[in-house]
Amino acid sequence: MEKQLNNYLEQIEKYLKPLPVSERVDIVQEIKSEMQELQAAGQTPEQILARLGNPKELARAYLGDMIAQSSGFSWSRLAALCAFYSVTGFSGLVVIPTLVICAPVFLLCGIITPLLGALKAVDVALGLHIPYVQYIGIAGIQNPALVFVLCLAMGLALCALGYGCWKLLVGYIQSVSRIKRMLET
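- An unreviewed UniProt entry lists the protein chain under the name DUF1700 domain-containing protein, with Candidatus Gemmiger excrementavium given as the organism.

## Some remarks on the overall build of the protein chain
Phase 1: When you go through the protein chain residue by residue, the secondary structure sums to six helices and zero strands.
Phase 2: Secondary structure elements in the protein chain, listed N-terminal to C-terminal, are α-α-α-α-α-α.
Phase 3: In the protein chain, which comprises 185 residues, the share counted as buried stands at 30%.
Phase 4: Intrachain contacts of the protein chain at a sequence separation of at least 6 include 66% that bridge at least 24 residues.
Phase 5: Per element, the accessible surface of the protein chain, about 11,400 Å² overall, is 66% carbon and sulfur.

## Describing the state of the cysteines
Phase 1: Summed over the entire model, instances satisfying the criterion amount to zero disulfides.
Phase 2: With no disulfide of its own, Cys 165 has Cys 102 as its nearest cysteine by sulfur position, at a separation of 5.0 Å.

## Side note on the environment of Ser 91
Phase 1: Looking at where Ser 91 falls in the secondary structure, it is placed in helix H5 (residues 75-126).
Phase 2: Separated by 81 residues in the primary sequence, Ser 91 and Tyr 172 have C-alpha atoms spaced 9.7 Å apart.
Phase 3: Those residues in contact with Ser 91 that sit more than four places away from it in its chain are Arg 60, Ser 86, Ile 96 and Tyr 172.

## Side note on the packing of helix H1 (residues 3-15) against helix H3 (residues 45-52)
Phase 1: Packing of H1 against H3 brings their axes to within 9 Å, and their N-to-C directions diverge by 25°. One element, H1, and the other, H3, form an angle in the roughly parallel class. In this structure, H1 crosses over H3, and the sense of that crossing is left-handed. The segment H1 lies against H3, with Gln 4, Leu 5 and Tyr 8 engaging Pro 45, Glu 46, Ile 48, Leu 49 and Leu 52.

## Section: unusual backbone geometry
Phase 1: In this model, His 129 sits at a positive phi of 55°, which is unusual for a non-glycine residue.
Phase 2: Locating His 129 in the fold gives a position in the loop between H5 and helix H6 (144-184).
Phase 3: Positive phi outside glycine occurs at Tyr 132, with the angle close to 70°.
Phase 4: Mapped onto the fold, Tyr 132 is located in the loop between H5 and H6.
Phase 5: Tyr 132 sits in the exposed class, given a relative accessible area of 63%.

## A closer look at the pattern of salt bridges
Phase 1: Within the structure shown, the criterion is met by one salt bridge.
Phase 2: In this structure, Arg 24 and Glu 13 form a salt bridge, with 3.8 Å as the shortest nitrogen-oxygen distance. One end of the pair, Arg 24, is in helix H2 (residues 21-40); the other, Glu 13, is in helix H1, and 11 residues separate them in sequence.
Phase 3: Of the residues examined, Arg 24 reaches a relative accessible area of 8% and is grouped as buried.
Phase 4: The exposure class assigned to Glu 13 is partly exposed, which follows from its relative accessible area of 31%.

Rules behind the numbers
- The numbers attached to residues start from 1 for each chain and follow its sequence in the written order.
- Confidence filtering applies because this is a predicted model: local features only for residues at pLDDT of at least 70, side-chain atom pairs given and counted only at 80 or more, and all residues used for totals across whole chains, interfaces and linings.
- Side-chain measures here rest on the full set of heavy atoms in the structure, leaving out hydrogens and waters.
- Numbering goes from the N terminus for both helices and strands, where a helix is a DSSP run of H or I of at least four residues and a strand is a run of E of at least two.
- Burial classes: relative accessible area under 20% of the type maximum marks a residue as buried, over 50% as exposed, and values in between as partly exposed (1.4 Å probe, protein chains only).
- The contact criterion used throughout is that any non-hydrogen atoms of two residues lie within 4.5 Å.
- Per-residue accessibility takes into account occlusion by the displayed protein chains alone, with areas from the Shrake-Rupley method and a 1.4 Å probe.
- Here, the term disulfide refers to a pair of cysteine sulfur atoms separated by no more than 2.5 Å.
- Lines fitted to the C-alpha atoms define the axes, with helices restricted to the stretch that makes contact. Angles between their N-to-C directions range from 0 to 180 degrees.
- Any angle between 65 and 115 degrees counts as roughly perpendicular, while under 35 counts as roughly parallel, over 145 as roughly antiparallel, and the rest as oblique.
- Whether a crossing is left-handed or right-handed is set by the direction in which the near helix is turned from the far one by less than a right angle, anticlockwise for left-handed and clockwise for right-handed.
- Any carboxyl oxygen of Asp or Glu that lies within 4 Å of a side-chain nitrogen of Lys or Arg is treated as forming a salt bridge with it.

The structure is reproduced here in structure tokens:
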């Protein structure tokens, strides 16, 4: 089996650590069998991995299935419940607030930084001597044109970071919603 597929299986097993070993081995073996069938059908490892999706989400789906399948008490059901809610809950406590803060802050800084660079360039060009503008600069660079160009580049990088944080936040919320819907059915 391809190295990519083996790495995927190792990640699945890592995310299923809270489950008993026998159930974890059964799940990994089931996924491995599916991979082998897809390979026999002529699919490439990239196509197989694209079909299976994110290993963390697939592990969550298996945890959700275990929760939904058993209606009575069992230790494995308790372990699956704990694993699902600890992964989703803890990551939600860390991931969502971090991205909610970082996305707008990076975007705002990405807008303000070039404006400050332009303010310094205008101040020097017109000799306005606006208070505190002399403190605008990058690592002691005093050339206003160079400061503006660097501020523009930094602003673009910060906007890209903000946009990336926003996309991560939306993707995270969508994946948690998908798992929630799957658990409800």
